[in-house]
Amino acid sequence: MTDAAHLNDLDQQFVWHPFTQQQGWSEETPLMIERGEGVYLYDVDGNRYLDGTSSLWCNVHGHHHPVLDAAAKFQFDKVAHSTMLGLSHPGATELAARLIEIAPEGLRRVFYSDSGSTAAEIALKMAFQYHQQRGDTARTRFVRMREAYHGDTIGSVSVGGIDLFHATYKPLLFETLAAEPGDAAQMEQLLSAHEGEVAAVIMEPLVQGAGGMIVHPEGYLRAVRELCDQHGVLLICDEVATGFGRTGTMFAVEREGVSPDFMCLAKGITGGYLPLAATLTTEAVYEGFLGAPAEGKTFFHGHTYTGNPIACAVALANLDIFRDERTIEALQPKIELLDRRLAEIAEMPSVTEVRSRGVMVGIDLGEHDPELRLGHRVTREARERGAMIRPLSEVIVLMPPLAISEAELTDLLDICVESITAALASLPTAA
Ligand SMILES: *Cc1c(COP(=O)(O)O)cnc(C)c1O
């Protein structure tokens, strides 16, 4: 047996993959990724693939980046892990200061965890507890967007709105109020109808990623911020996907000059290297938790690997690269190129809509029989042509690392167009 065949055999026997129907997994040979270099991933057989989804939306500066590698190794030689419960360490401390420096005005405190889901859970729990401790005890409800995605743990699923992922768990979830993305008048009605009952609005600012790259109309985020202020409601902006340059600015909220009460960060925070997350909040929220231990105002939440030192060291190096390589500035011509090409792709007869903001792209192929698995076919075709992409049902997602060159971006788009055409040609023709 070759190495790859042996590994595939072990995978089939012992592994259960996330967001994957395992029945059928064995019918295709899974790719075993062994190493990465820049925007490319290499499998155990040495085949090269352009990482078109940034290893699930998190890689920023490319794989095997010398600065990030060095930061991890440097920290590794000191200590791999030490707890944040009752102790601190230089990396977490410096990173908190650096995050606050670049975050929107008003955000002053950093609470660490290790995934986007936990970053969202923490914001929800903090918002709830904050109102309780102020005596505003009727504020127990949350407003979330239709088609929202904030992670896979029960609390973050409660504020989710994607039926395919979330409907099964309904009996386990807390009730939420659903807002129509982009409709400020409906948000106003919702907050008025539930005056004094809402703890917070949680939303993915500008673009709802997992919901299929739903792009909000300009001004919506700003309007939601104003409505929250008018109704005494806290605003949680989940920047797990949009943060760290994805939409063309460091954070999406910058586009509309909005300062949320909570900002959730994960995915790109370590440049896509290691699991780390942060929930940023204001001094006002922070002060709402101060008191003598006996008052019970402590925020009783913390994960074992919270603020892991190696992850923090890499996150600091990630911010150094943003500064030294002027990542955001260098991104602008690539966004222009991308927008030009996407305008062409939108004209393809098989494409119903192209939605994008910065380097966050959804190419919607419209309604097709789910059994035909059109999105999956496009993925397979792209793989044969040397690119890795992953669809959201029939929406083809492109989220390459920000470090992608214009030539590599052109390759990715060419492969994407060819793959859509080939996948459609592979469909059984209607009788
Ligand atoms: C991916 C994502 C999450 C969940 O992050 P995990 O690290 O996978 O738990 C939460 N919110 C948004 C907007 C995301 O895109």
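Quantities reported herein were computed from a predicted structural model and do not represent experimental measurements.

A. Local environment of the overall build of the protein. Of regular secondary structure, the protein possesses 14 helices and 16 strands. Considering only C-alpha atoms, the protein reaches an extent of 65 × 55 × 45 Å along its principal axes. The buried share among the 431 residues of the protein stands at 53%. If you take every contact in the protein between residues at least 6 apart in sequence, the share linking residues at least 24 apart comes to 71%. When the accessible surface of the protein is split by element, carbon and sulfur atoms take 53% of a total near 19,600 Å². When the 33 basic and 60 acidic side-chain charges of the protein are each reduced to a single mean position, those positions are 3 Å apart.

B. Quick peek at the sheet that holds strand β13 (residues 353-356). Spatial ordering of the open sheet is given by β13-β14-β16, a layout of three strands whose pairing is antiparallel. Of all strands in the sheet, those with a lone pairing partner are β13 and β16 (395-398), marking the two edges. Strand-to-strand, the axes of this sheet are offset by a mean angle of 15 degrees, without reference to chain direction. The pairing of β13 with strand β14 (residues 361-364) spans four bridges and is antiparallel. Residue pairing for β14: Glu-353 is matched across the bridge by Asp-364.

C. Representation of the domain arrangement of the protein. Split by domain assignment, the protein resolves into domain 1 (31-61 + 328-425) and domain 2 (68-324). Placing the centre of domain 1 and that of domain 2 at their C-alpha centroids yields a distance of 27 Å. Taken over both partners, the interface formed by domain 1 and domain 2 buries close to 2,200 Å², and the fraction arising from carbon and sulfur atoms is 65%. Broken down residue by residue, the surface that domain 1 buries against domain 2 is led by His-61, Arg-357 and Met-360, which jointly contribute 35%. Summed over the shared surface of domain 1 and domain 2, the result is zero salt bridges. In this structure, the connection of domain 1 to domain 2 is made through 10 residue pairs in polar contact (both at pLDDT 80 or more). Mapped by element, the contributors of at least two residues to the side of domain 1 that touches domain 2 are α2 (54-57), α12 (327-345), β13, β14 and β16. The leading source of residues in the side of domain 1 that touches domain 2 is α12, at four residues. For the side of domain 1 that touches domain 2, the class distribution of residues is 17 nonpolar, seven polar and two charged.

D. Here's a closer look at a nonpolar patch on the surface. A cluster of nonpolar side chains, Leu-10, Phe-14 and Val-15, forms an exposed patch at the surface whose accessible area comes to about 280 Å². When its relative accessible area of 63% is taken as the criterion, Phe-14 is described as exposed.

E. Representation of the packing of helix α3 (residues 66-76) against helix α11 (residues 309-324) within the structure. Running from N to C, α3 and α11 point in directions that differ by 150 degrees, and their axes come no closer than 8 Å. One element, α3, and the other, α11, form an angle in the roughly antiparallel class. For the crossing formed where α3 meets α11, the hand is right-handed. Between α3, through Val-67, Leu-68, Ala-71, Ala-72, Gln-75 and Phe-76, and α11, the contact on the second element is made entirely by Pro-309, Ile-310, Ala-313, Val-314, Ala-317, Asn-318 and Ile-321.

F. Layout of helix α13 (residues 374-384). Buried within α13 we find Leu-374, Gly-375, Arg-377, Val-378, Thr-379, Glu-381 and Ala-382. Residues of α13 that are buried in the fold lie against β15 (387-388), β16 and α14 (406-425). Gly-386 sits one or two positions beyond α13 and adopts a positive phi of about 90 degrees.

G. Structural view of the environment of Gln-208. Tracing the sequence through the fold places Gln-208 in strand β8 (residues 207-208). We classify Gln-208 as buried; its relative accessible area is 0%. Expressed as a C-alpha distance, the spacing of Gln-208 and Ala-241, which sit 33 residues apart in the sequence, is 8.6 Å. Residues contacting Gln-208, with those up to four places away along its chain left out, are Met-145, Arg-146, Glu-147, Ala-148, Pro-181, Met-213, Ile-214 and His-216. One polar contact links the side chain of Gln-208 to the main-chain carbonyl oxygen of Glu-147, over a distance of 3.2 Å.

H. Focus on the site of the ligand. The environment of the ligand is made up of Trp-57, Ser-115, Gly-116, Ser-117, Tyr-149, His-150, Gly-151, Glu-204, Asp-238, Val-240, Ala-241 and Lys-267. Ser-115 places a side-chain nitrogen or oxygen 3.5 Å from an oxygen atom of the ligand. Contact between the ligand and Ser-117: an oxygen atom at 2.6 Å from a side-chain N or O atom of the residue. Here the ligand has 390 Å² of accessible area as a free molecule, and 84% of this is covered by the chains. For the shell around the ligand, the residue count by class is four nonpolar, five polar and three charged.

I. Looking closely at the pattern of salt bridges. In this structure the tally under the stated criterion is 19 salt bridges. Among the salt bridges present, the one from Arg-98 reaches Asp-320, with a minimum N-O distance of 3.0 Å. Of this pair, Arg-98 sits in helix α4 (residues 90-102) while Asp-320 sits in helix α11, placing them 222 residues apart in sequence. Its relative accessible area of 23% is what places Asp-320 among the partly exposed residues.

J. Layout of the layout of surface pockets. In this model, the second largest pocket occupies a volume close to 680 Å³. Taken together, 22 residues line the second largest pocket, and the ones lying closest to its centre are Val-110, Phe-111, Met-126, Tyr-286 and Phe-299.

K. Summary view of the nonpolar core. Counting residues in each nonpolar core, the largest one holds 92 residues, and the members touching the most others are Leu-95, Val-143, Met-187, Val-201, Phe-244 and Ile-363. In terms of residue count, α14 provides more of this core than any other element does, seven residues in total. Here this core gathers at least three residues from each of two domains, domain 1 (31-61 + 328-425) and domain 2 (68-324). Core analysis: the next-biggest nonpolar cluster, separate from the first, contains 23 residues, Ala-120, Ala-123, Ile-236 and Phe-262 among them.

What counts as what
- Residues numbered from 1 in each chain as written.
- Predicted model: local features only at pLDDT ≥ 70, side-chain atom pairs only at ≥ 80, totals over all residues.
- Heavy atoms only, no water.
- Helix = DSSP H or I, 4+ residues; strand = E, 2+ residues; numbered from the N terminus.
- Buried < 20%, exposed > 50% of the residue type's maximum accessible area, 1.4 Å probe, protein only.
- Contact = heavy atoms within 4.5 Å.
- Areas by Shrake-Rupley, 256 points an atom, 1.4 Å probe, with all protein chains shown as cover.
- Lys, Arg positive; Asp, Glu negative; His and termini not counted.
- Charge placed at Lys NZ, Arg CZ, Asp CG, Glu CD.
- Pairing = 2+ DSSP bridges.
- Axes fitted to C-alpha atoms, helices over the stretch in contact; angles between N-to-C directions.
- Domains from an automatic or database assignment.
- Buried area = accessible area lost by both parts, 1.4 Å probe.
- Salt bridge = Lys/Arg side-chain N within 4 Å of Asp/Glu carboxyl O.
- Polar contact = N/O pair within 3.5 Å; in protein donor to acceptor, adjacent residues only side chain to side chain.
- Nonpolar A, V, L, I, M, F, W, Y, C, P; charged D, E, K, R; others polar.
- Patch = residues over 30% accessible without salt bridge, like charges linked within 9 Å, V, L, I, M, F, W, Y side chains within 5 Å.
- Parallel < 35°, antiparallel > 145°, perpendicular 65-115°, else oblique.
- Left-handed = near helix turned anticlockwise from the far one by under 90°.
- Near = heavy atom within 4 Å.
- 1 Å grid on protein atoms, 1.4 Å probe; cavity = no way out; pocket = protein on both sides within 12 Å on 5 of 7 lines; lining within 4 Å.
- Points joined across faces, edges and corners; volume = space filled by probe spheres on them.
- Core = buried A, V, L, I, M, F, W, Y, C linked by side-chain atoms within 4.5 Å.

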